[in-house]
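Chain by chain, the residues:
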Amino acid sequence: MSSPAEHELDPTFYRSPGEAIAAPAERLAYVVAFDRAGEQPDALTVVDTDPESATYGQVVGWADLPTRGDELHHFGWNACSSAFAHAGHHTDGLQRRYLLLPGLRSSNIHIYDTHPDPRQPRLVRTVAAGELAAKAGYSRPHTLHCGPDGIYLSCLGGADGADGPGGIAVLDHDTFDVVRAWETDRGPQHLAYDAWWHLNQNTLITSEWGTPSMIEDGVVPELLLNNEYGHALHFWDLAAGRHLQRVDLGAQHQMVLELRPSHDPGATWGFAGVVISTEDLSASVWRWHREGGDWQAEKVISIPAEPAPAHELPPALKPFGAVPPLVTDINLSVDDRFLYVSCWGTGELKQYDVSDPAHPRETGSVRLGGITGRVPHPAAPDEPLTGGVQMVEVSRDGRRIYLTNSLYGSWDDQFYPDGVGAWFAKIDTDPEGGGGLSVDERFFPRGDEFRGRRVHQVRLQGGDASSDSYCQA
């Protein structure tokens, strides 16, 4: 798995956001698919995204995992544009080549090589749960990014599934061996979820969901109503692994999930999505920024719940008579201009102009699925969609937005008890024209194309809006 002998710079490493935007468009999307029952292996699937191709919008590659019950969730590349920013990355021969697939339930990490044929990824190694537990003290791996001195892998649980503290494991760039736990002083941090950074500011940010027992069997109503899920952001010294500051968003703002820092390497702001408020079932997006030496956060977007008849609601929501938006993913375009917010409960994708990040302005909206709406895709207008807009990924040039519909197996079953099926949609926008969203009627792989599995996160060939960090403006 070492780098190739020839010392050629990978053309998908970009020194700046502008360089990434100007590069050729993606022609393939990698999508992880999982079997909720654990009877079939989860899979890494490949979808054709080239509009000139005869197989556009179709599954053109498939690789089954060697195990069962992994529940693939988030995944990522072994290397990205941050290779330019740190001496720990040796750009000679380093390539965006391997995809690391953590199993959120199994704690195994499967590594696939996308070379020489990007449509036929090959399994090259499995890092077993025991290695993650023994060397880093963690389990339930969730999100990964290629970082200064290794691959950073956020984990929700302690060793062997223990209820925390969750944290970050560091994997070797070349061998993918688990090296150590990243934290040297975690301060008050206990709950974990996402991890991202401002590389040039030596700052890492983490967010909070819950420990394994709080999430693996679905939302625990008592914990939610008692405001016991995560509701804070944590700021760290990136080089030292030392906790610096906790910013509490308020106990009612439950489940602080996705983090999207500005792509501008000189910036000190970003956005965090919050799933639900226990005060009114609204969802929200918060902007963090640095004032002087301290980090602060304030709510910049609030999305209200939508009233609905009790008979149309799943049991978990019947007492409330409303559909909460359930903001479960957000994504920021590479030019830092548009923020995309997925409302898994209502099935709505919202687009905001964040040219002024302190004052977002809504510029577009589409709906697909939803707990009560079941809004169909225009390619199949007679098929009510189950599940809702969930994982959202944005192309580097900001013109294409890709959506999948499953959140997490047990949570799918709670909020969509009739099933979520599997679908993958593409939305088009015009950044130069001021935004706006339209559904691509030609692109809609679904159902049997994913062989009975549910689909979750998407990674785009050559990188996407949530894969890379840049070292030049």
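These figures come from a predicted structure and were not determined experimentally. (Residues numbered from 1 in each chain as written. Predicted model: local features only at pLDDT ≥ 70, side-chain atom pairs only at ≥ 80, totals over all residues. Heavy atoms only, no water.)

1. Here we look at unusual backbone geometry
The condition is simple: In DSSP terms, a helix is any run of H or I states spanning at least four residues, a strand is any run of E spanning at least two, and both are numbered starting from the N terminus.
A cis amide bond links H115 with the next residue in sequence, P116, at an omega value of 0 degrees. Looking at where P116 falls in the secondary structure, it is placed in the loop between β6 (109–113) and β7 (122–127). Put simply, G164 and P165 share a cis peptide bond, and its omega is 0 degrees. As for its placement among the helices and strands, P165 is situated in the loop between β9 (150–158) and β10 (167–171). Not every positive phi belongs to a glycine, and E71 is a case in point at roughly 55 degrees. Summarising the element assignment, E71 is placed in the loop between β3 (59–64) and β4 (76–77). The residue M255 is not glycine, and still its phi comes out positive at about 75 degrees. Its place among the elements puts M255 in strand β16 (residues 253–261).

2. With respect to the packing of aromatic side chains
Aromatic rings in a pair are described by how distant their centres are and how their planes are angled relative to each other. Heads up, the condition is: Under the pairing criterion, centres of Phe, Tyr and Trp rings, with the six-membered ring standing for Trp, must be within 6.5 Å; the plane angle then separates stacked pairs below 30 degrees from edge-to-face pairs above 60, leaving the rest tilted. Using a 1.4 Å probe on the protein chains alone, a residue whose accessible area is under 20% of its type maximum counts as buried, one over 50% counts as exposed, and one in between counts as partly exposed. The rule for a charge over a ring is simple: NZ of Lys or CZ of Arg within 6 Å of the ring centre, and within 35 degrees of the ring normal.
Applying the stated criterion across every chain, the model contains 18 aromatic pairs. For the ring pair Y152 and W182, a centre distance of 6.1 Å and an interplane angle of 50 degrees mean the geometry is tilted. Taken as a pair, Y152 in strand β9 and W182 in the loop between β11 (178–181) and β12 (195–198) lie far apart in primary sequence, 30 residues in all. Neither residue differs from the other here; Y152 and W182 are each classed as buried. Pairing W209 with W411 gives two aromatic rings, centres 5.2 Å apart and planes at 65 degrees, and the pair type is edge-to-face. With W209 in the loop between β13 (203–206) and α3 (212–215) and W411 in helix α5 (residues 409–415), the pair connects residues that are 202 residues apart, well separated along the chain. Accessibility classification places W209 together with W411 in one group, the buried group. Each member of the aromatic cluster is reached from another via a ring pair, and the members are Y152, W182, W196, W197 and W236. A cation over an aromatic ring shows up here: R451 above the ring of W62, its NZ or CZ 3.9 Å from the ring centre.

3. Considerations on the nonpolar core
Cut-off, in case you're wondering: By nonpolar core we mean a set of buried residues, namely Ala, Val, Leu, Ile, Met, Phe, Trp, Tyr and Cys, connected to one another through side-chain atoms within 4.5 Å.
Core analysis: the largest hydrophobic core is formed by 31 residues, its most contacted members being W209, I215, Y229, M255, W411 and F415. Of all the elements in the fold, those that place two or more residues in this core are α3, α4 (221–225), β16, β17 (269–277), β21 (322–323) and α5.

4. Describing the side chain of H263
Under the convention used in this document: A 3.5 Å cut-off defines polar contacts: any pair of N or O atoms within that distance qualifies, except that in protein one atom must be a possible hydrogen donor and the other a possible acceptor, and neighbouring residues in sequence count only when both atoms are side-chain atoms. Residue contacts follow a heavy-atom distance rule, with two residues in contact if any of their heavy atoms lie within 4.5 Å.
In this structure, H263 sits in the loop between β16 and β17. For H263, a relative accessible area of 7% puts it in the buried group. Side-chain polar atoms of H263 contact the backbone oxygen of A465, separated by 2.7 Å. Discounting chain neighbours no more than four positions away, the residues touching H263 are P17, L332, S333, V334, D336, A465, D468 and Y470.

5. Considerations on the pattern of salt bridges
Between side chains of opposite charge, a pair can form when the charged atoms approach closely. Convention followed: For this analysis, a salt bridge means a side-chain nitrogen from Lys or Arg found within 4 Å of a carboxyl oxygen belonging to Asp or Glu.
Counted by the stated rule, this structure contains 36 salt bridges. Between R105 and E71 there is a salt bridge, with its nearest N and O atoms 3.0 Å apart. Here R105 is found in the loop between β5 (98–102) and β6, whereas its partner E71 is found in the loop between β3 and β4, with 34 residues between them in sequence. For E71, a relative accessible area of 4% gives the class buried. The salt bridge partner of R96 is D468, with a shortest N-O separation of 2.8 Å. Highlighted residues: R96 in the loop between β4 and β5 and D468 in the segment after β30 (454–460), separated in sequence by 372 residues. In this structure D468 comes out as buried when scored by relative accessible area, which is 4%.

6. Considering the sheet that holds β16
To be explicit about the condition: Being paired, for any two strands, means DSSP has found at least two bridges between them. Axis definition: a line fitted to C-alpha atoms, over the contacting stretch in the case of helices. Angles run 0 to 180 degrees between N-to-C directions.
Pairing is antiparallel in the open sheet, where 4 strands are placed in the order β16-β17-β18-β19. Pairing within the sheet leaves two strands with one partner each, and these edge strands are β16 and β19 (294–303). Here the strands of the sheet are splayed against their neighbours by 25 degrees on average, with no regard to which way each runs. Strand direction decides the pairing type here: β17 and strand β18 (residues 283–291), joined by 6 bridges, are antiparallel. Within β18, the position partnered with A272 by the bridge is W286.

Everything listed here is a matter of coordinates, which is why it stays silent on function.
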